[in-house]
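Report on the structure
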Amino acid sequence: MNPSRSTSVVSKSSTLLKDIERGAVQAILASAEVRHISAKRNITTGGDEATHLFLVRSGRVHYYHVTKEGTSVLLAWLVPGDVIGLVAMLKVRSTYMATADATSDCELLVWRHSVLSKLVSRHPLLAENGLQIALGYLRSYVARHIGLVTKTAEERLAETLLSLVDRSGEIVPDGIDIHATNDQLAGLADISPFTASRVLNNWERAGVLSKGRGRVLLKSPESLIVG
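Residues numbered from 1 in each chain as written. Predicted model: local features only at pLDDT ≥ 70, side-chain atom pairs only at ≥ 80, totals over all residues. Heavy atoms only, no water.

**Some thoughts on the packing of helix α6 (residues 182-189) against helix α7 (residues 193-205)**
So the rule is basically this: For helices, the fitted line uses only the C-alpha atoms of the stretch in contact; every axis is such a line through C-alpha atoms, and the angle between N-to-C directions lies from 0 to 180 degrees. A run of H or I in DSSP becomes a helix once it reaches four residues, and a run of E becomes a strand once it reaches two; helices and strands are each numbered from the N terminus. In this scheme, roughly parallel covers angles under 35 degrees and roughly antiparallel covers those over 145, while 65 to 115 is roughly perpendicular and the rest are oblique. Throughout, a contact is declared for two residues whenever any of their heavy atoms are within 4.5 Å.
In contact at an axis separation of 8 Å, α6 and α7 are set at 105 degrees when each is read in the N-to-C sense. The angle between α6 and α7 falls in the class roughly perpendicular. Between α6 and α7, the contacting residues are N182, D183, L185 and A186 on the first element and P193, A196, S197 and L200 on the second.

What follows is the structure, encoded as structure tokens:
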């Protein structure tokens with residue numbers, strides 16, 4: 001990877017490098033390893049020692065927690081600019097909080113814990129940006145918890161689709177393409193796959209969207225906006 005060529009793209013898409021001086025960004029990127037992960041391969045496992053920080057440069061990542069019963073609870077749908085393993089920025093060694101799997105071929109920028117410690121000391125904004133990202137995740141989880149109490153299944157699924165439109169939607173001639181399965185959408189909306197399928201079918205009959213294998217084509221996003 002040529003760090004100077006990728007600087008503008010990565011720094012614009014990731015809060016991790018926000019407001020850091022260009023020369024410092026180049027140094028931070030130059031200290032990263034580039035790792036290519038094939039679709040369906042593991043990146044981190046919850047409970048393992050947090051040895052690396054990952055920045056998604058391309059591809060999509062499924063970030064989830066596995067319960068004692070073996071059920072996967074989807075926590076986030078990560079896209080370019082997102083990070084995995086923020087806990088690796090801490091001086092004291094800790095463990096990854098959740099599991100991350102590539103859902104498509106991914107390119108990641110990777111920093112070892114020992115390298116991160118030096119970078120954080122040299123560039124304090126890096127740690128501050130990491131805290132901002134962590135707080136963003138916390139706000140998201142708080143909103144999801146409140147939504148469980150105050151919103152219907154349809155409202156939560158609509159918000160999930162609109163969020164994915166902003167984060168990873170692809171504009172196509174017929175609308176906005178979202179690469180996600182029914183189960184993934186159900187997990188992010190905190191509803192059952194059966195309920196997700198029923199609601200999506202209703203919206204499909206109404207012409208709001210159409211479904212395909214592992215994707216949803218959203219034809220009328222404005223129809224999902226709750227007043």
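**A look at α6**
An α-helical turn contains 3.6 residues, so any two residues separated by three or four positions project in the same direction. Quick reminder of the rule: Burial here depends on accessible area, computed with a 1.4 Å probe over protein chains only, as a share of the maximum for the residue type. Under 20% is buried, over 50% is exposed, and the range in between is partly exposed.
Those residues of α6 not exposed but buried are Q184, L185, A186, L188 and A189. Just beyond α6, the residue with positive phi is D190, at close to 60 degrees.

**Notes on the sheet that holds strand β3 (residues 52-58)**
Let me state the cut-off plainly: The pairing criterion for strands is at least two bridges between them, as found by DSSP.
With antiparallel pairing, the 4 strands of this open sheet are ordered in space as β1-β8-β3-β6. Every interior strand has two partners, whereas the edge strands, β1 (33-37) and β6 (83-84), have only one. Bridge analysis of β1 against strand β8 (residues 106-112) gives 5 bridges, and the strand direction is antiparallel. Across the sheet, the residue bridging to V34 is L109, located in β8.

**A closer look at helix α3 (residues 113-122)**
This is how the line gets drawn: The arc in question is traced by the directions running from the helix axis to the C-beta atoms.
H113, V115, L116, L119 and V120 are the residues of α3 that are buried. Taken around the axis of α3, the buried residues stretch over an arc of 150 degrees, which confines them to a single face. Among the exposed residues of α3, those oriented more than 90 degrees off its buried face are K118, S121 and R122. Next to the buried residues of α3 lie α2 (22-30), β3, β8 and α4 (124-150).

Remember, this is a structural readout, not a statement about activity or role.
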